Amino acid sequence: MVLDGAGDTSLLLVKDDVPPVLEENAEGASPFLLTSDHYGRALPRALGDLGLPESEMERHIAWDVGIAGVAHALSKHLGAHLIAQRYSRLVIDCNRPPDAPGSIPRISEATVIPGNEGLTRDAADARRQQIFDPYHRRIREVIDRRLRDNIPTVLVSLHSFTPVYAGIARPWHVGTLYQRDTRLPPLLLKGLRASGDLVVGDNEPYAVSEETDYTIPVHGEARGLMNTGIEIRQDLIADAAGEMQWADRLANIFGAIETELRARRLFVPSPLVGEG
Ligand SMILES: [Zn+2]
């Protein structure tokens, strides 16, 4: 067994480390509950730089480039509760089951992550217990409260994707990301396509599955909530102007979706209560 610095992480997060969970508009009245699994690229001090140069930590392998700015502005425009996670997906991927390969990646795209080599079980558990668990516990608590209080709740999981992956260019500007919900994703696709100027991916460049995803299956599907993921291409939100433009665009589309859901009485306050 390899015991090195990365193995001694019973106290992974200490006083000077930021808390993993970031929230905005917790009292927001919007039915949309926004999550951002790959919001940040912070590293716990105990892990140093994971053996990577800063240039790698700025790339998509470390976080969802541009999504933080979109998430803040969209949360503000909609008055929607945002729950986001500040640590890099290279520490632990908050949208992957913790027992799945790639939860703590040893290689991402073509980059070897030295700080993730030879991790002990305890070191991996510490990352889960101190970063992954608090984030998902908070999302669960918020959904529990909203269901208890009969607050309409629609889960929207915000992501961004790299324009070129492993040498292959991706044509889509934006994509929806879903598995079982047949209500929300078609409305979002319709709204995005109505813009007329976008190449819209329907479950592209990714689709949701239990093996590769966590937030939508666990907090959306298993709770009976309408849900979708949204993937924005990173070169479109590479600066503040792009982030604001996409936040405006999405706020308009989600505003129209809310109106339509209310008109069609599709908000089900709780699986136990039935349609209002
Ligand atoms: Zn992501």
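Higher on the page you've got the structure.
A brief report on the enclosed structure follows. It should be emphasised that the depicted structure is a prediction, and the values quoted were computed from it without experimental measurement.

**Here's the deal with the overall build of the chain**
So, point 1. The helix and strand inventory of the chain stands at six helices and eleven strands.
So, point 2. The C-alpha atoms of the chain give a radius of gyration of 19 Å, which matches the 19 Å a tight globule of 276 residues would have.
So, point 3. Oriented by its inertia axes, the alpha-carbon framework of the chain measures out at about 60 × 40 × 30 Å.
So, point 4. Residue burial in the chain is summarised as follows: out of 276 residues, 54% are buried.
So, point 5. Considering only intrachain contacts with a sequence separation of at least 6, the fraction spanning at least 24 residues in the chain is 81%.
So, point 6. With an accessible surface of roughly 12,200 Å², the chain has 52% of that area assigned to carbon and sulfur atoms.
So, point 7. With 29 positive and 39 negative side-chain charges, the chain shows a separation of 5 Å between the mean positions of the two kinds.

**A few points about the coordination of the zinc ion**
So, point 1. Those donors, His 38 (ND1), Asp 64 (OD), Asp 64 (OD) and His 159 (ND1), are the protein atoms that reach the zinc ion, and they lie 2.0 to 2.8 Å from it.
So, point 2. Every donor counted, the four donor atoms about the zinc ion form angles of 51 to 151° at the centre, which fits irregular coordination.

**Some thoughts on the nonpolar core**
For soluble globular proteins, the rule of thumb is that nonpolar side chains tend to be buried together.
So, point 1. By size, the foremost hydrophobic cluster in this structure holds 38 residues, and its most contacted members are Phe 32, Leu 250 and Ile 257.
So, point 2. Among the secondary structure elements, those contributing two or more residues to this core are strand E2 (32-36), helix H2 (67-78), strand E3 (81-85), strand E6 (154-161), helix H4 (184-194), strand E11 (226-233) and helix H6 (240-263).
So, point 3. The dominant element in this core, judged by the number of residues it contributes, is H6, at seven residues.
So, point 4. Dropping the residues within four chain positions of it, Leu 250 is found in contact with Val 70, Leu 74, Leu 192, Ile 230 and Ile 232.
So, point 5. Listed in part, the 32 residues of the second largest apolar core include Met 57, Tyr 87, Ala 124 and Ala 126.

**A look at the packing of H2 against H6**
So, point 1. For the pair H2 and H6, the least separation of the axes is 8 Å and the interaxial angle reads 40°. Between H2 and H6, the angle falls in the class oblique. The element H2 and its partner H6 pack so that their crossing is right-handed. Seen from H2, the contacting residues are Gly 69, Val 70, Ala 73, Leu 74, His 77 and Leu 78; seen from H6, they are Glu 243, Met 244, Trp 246, Ala 247, Asp 248, Leu 250, Ala 251, Phe 254 and Gly 255.
So, point 2. Taken together, the residues that form the contact of H2 with H6 break down as ten nonpolar, three polar and two charged.

About the cut-offs
- Residues numbered from 1 in each chain as written.
- Predicted model: local features only at pLDDT ≥ 70, side-chain atom pairs only at ≥ 80, totals over all residues.
- Heavy atoms only, no water.
- Helix = DSSP H or I, 4+ residues; strand = E, 2+ residues; numbered from the N terminus.
- Rg over C-alpha atoms; globule rule 2.2 N^0.38 Å.
- Buried < 20%, exposed > 50% of the residue type's maximum accessible area, 1.4 Å probe, protein only.
- Contact = heavy atoms within 4.5 Å.
- Areas by Shrake-Rupley, 256 points an atom, 1.4 Å probe, with all protein chains shown as cover.
- Lys, Arg positive; Asp, Glu negative; His and termini not counted.
- Charge placed at Lys NZ, Arg CZ, Asp CG, Glu CD.
- Donors = N, O, S within 2.8 Å, 3.2 Å for Na, K, Ca; no water.
- Tetrahedral: all angles 85-135°; square planar, octahedral: opposite > 155°, others 65-115°.
- Core = buried A, V, L, I, M, F, W, Y, C linked by side-chain atoms within 4.5 Å.
- Axes fitted to C-alpha atoms, helices over the stretch in contact; angles between N-to-C directions.
- Parallel < 35°, antiparallel > 145°, perpendicular 65-115°, else oblique.
- Left-handed = near helix turned anticlockwise from the far one by under 90°.
- Nonpolar A, V, L, I, M, F, W, Y, C, P; charged D, E, K, R; others polar.

By themselves these figures say nothing about function.
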